[in-house]
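Observations on the model geometry
Here is what each chain is made of, one letter per residue.
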Amino acid sequence: MPWPAAPDLLAPLAPWFGRVRRDLPWRATDLDAPHPDPYAVLVSELMLQQTQVATVVPYFNRWLARFPTPQALAEADEDTVHKAWEGLGYYRRARFLKAAAVSVAAEGWPGDLEGLAQLPGLGPYTAAAVGAIAFQWPAPALDGNAFRVLARLLLIEGDPKIRAADLRTWLAPALEAHGPSRLTQAIMELGATVCAPTPACGACPLADACAARQAERTGEIPPAGKRAKPKESAIWLVAMEAEGYLLLHAPATSGLLAGLWRWPTIEASELASQTPAPGLVPMLAWPGWTQVYTHRREAVSPLHLRLGTRFQAAEGLRWIPAADLSALPLGQRDQRLRDLLATPGQTPLEAPDPAALIRACATLLG
Ligand code: SF4
């Protein structure tokens, strides 16, 4: 590796971090000692995957108040855990966190990086980040931010992830020299606040040493990944109410939506192909929105239908007392419809032809 020695190159980061570090609730005051609460580090690292710091802070505080220890989380039921995660998205993280807590509550914290990496949901990055920040192990934690910073600093051509093994070897002595927790968090902080996709090199403590800056190539290092065009779809999101009950899909036990209750949905194209029953339209109770997911965009049209009587729900659907709705964990899209239902002044449309609606919906939802 023809790269300059990491302990020297990264030396300005430690004092810079000491000056600018944000006061975040999971950050320990003493960066030279093991963290007093490794569980707080684990919670923060899982919450911060895919989610901005500003969003995570209130969730983190509520989570620690609700589940202050791995034991408390291990003993909580799934609905309670999902409810506490509601709004953060990527709910698999909540299930991983609970599974990790069950393991830690039963067997204690692993004693090495390999053991940490075997906890549910901890890939190489999270295991290394928790190892460095919680336990002061010199484990290089390379996430998207770190790859971007190091690629620019060292002028790495192409995808820097391909050089992950070399970068870990290169970085380890710097962690030893400047403190695993301090340097790991300093690199994270630099990537989040200064060496962002559009870098603010004028404020960077590494500017004098940065090869991409010297080559005036910060805009092209690292190269932007090609994004597949998101798939487009259009659905009706249906809150069907009858006799004080609402119809919802019970949570799946596995997959991306495991643990979450969901409103029934109808593909817009399916509804258009139905023979309209008299009085079936208009049914749109509120303006719709576009729900953006990682690989797709969904045009959502929310409906609130009031029926006179409940019908036999198809398999997987349950009639839930309306009063219980607020206690159920829902994904972000479905929370929006729940919020619309709860907004004062909203007048749900009366279904003028309940029998036709029941027929249409029972067919579509079956
Ligand atoms: S000088 Fe600019 S490109 Fe280089 S590490 Fe600093 S912020 Fe990033």
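Residues numbered from 1 in each chain as written. Predicted model: local features only at pLDDT ≥ 70, side-chain atom pairs only at ≥ 80, totals over all residues. Heavy atoms only, no water.

As recorded by an unreviewed UniProt entry, the protein carries the name Adenine DNA glycosylase and is attributed to Geothrix oryzae. Quoted verbatim from the Cofactor (unreviewed entry) heading of the UniProt record, the comment on the protein is "[4Fe-4S] cluster". UniProt's Sequence similarities (unreviewed entry) comment on the protein is quoted here verbatim: "Belongs to the Nth/MutY family." (UniProt positions renumbered as here; feature names shortened; annotations may be inferred.)

A word on the overall build of the protein
Along the backbone of the protein there are 16 helices and six strands. Across the 366 residues that make up the protein, the buried fraction comes to 47%. Long-range pairs, those at least 24 residues apart, make up 72% of the contacts in the protein between residues at least 6 apart in sequence. Accessible area of the protein: about 17700 Å², with a carbon and sulfur share of 54%. (Helix = DSSP H or I, 4+ residues; strand = E, 2+ residues; numbered from the N terminus. Buried < 20%, exposed > 50% of the residue type's maximum accessible area, 1.4 Å probe, protein only. Contact = heavy atoms within 4.5 Å. Areas by Shrake-Rupley, 256 points an atom, 1.4 Å probe, with all protein chains shown as cover.)

A closer look at the pattern of salt bridges
Applying the stated criterion to the full structure yields 13 salt bridges. Measuring nitrogen to oxygen at the nearest pair gives 3.0 Å for the salt bridge that ties Arg182 to Asp32. Of this pair, Arg182 sits in helix 12 (residues 180-193) while Asp32 sits in the loop between helix 2 (13-20) and helix 3 (38-48); the two residues are 150 residues apart in sequence, bridging distant segments of the chain. Among the residues examined, Asp32 registers a relative accessible area of 57% and is labelled exposed. With a shortest N-O distance of 3.0 Å, Asp166 and Arg163 are connected by a salt bridge. (Salt bridge = Lys/Arg side-chain N within 4 Å of Asp/Glu carboxyl O.)

Things to note about the site of the ligand
Taken together, the residues surrounding the ligand are Arg152, Val194, Cys195, Pro199, Cys201, Cys204, Ala207, Cys210, Arg213 and Thr218. Counted by class, the shell around the ligand contains seven nonpolar, one polar and two charged residues. (Near = heavy atom within 4 Å. Nonpolar A, V, L, I, M, F, W, Y, C, P; charged D, E, K, R; others polar.)

Concerning helix 11 (residues 164-178)
In this model helix 11 runs 21 Å from its N-terminal to its C-terminal C-alpha over 15 residues, within 8% of the 21 Å that 1.5 Å per residue would give. Close packing links the buried residues of helix 11 with helix 1 (6-9), helix 2, helix 10 (144-154) and helix 12. Gly179 lies just past helix 11 and shows a positive phi near 100°. (Expected span 1.5 Å × (residues − 1).)

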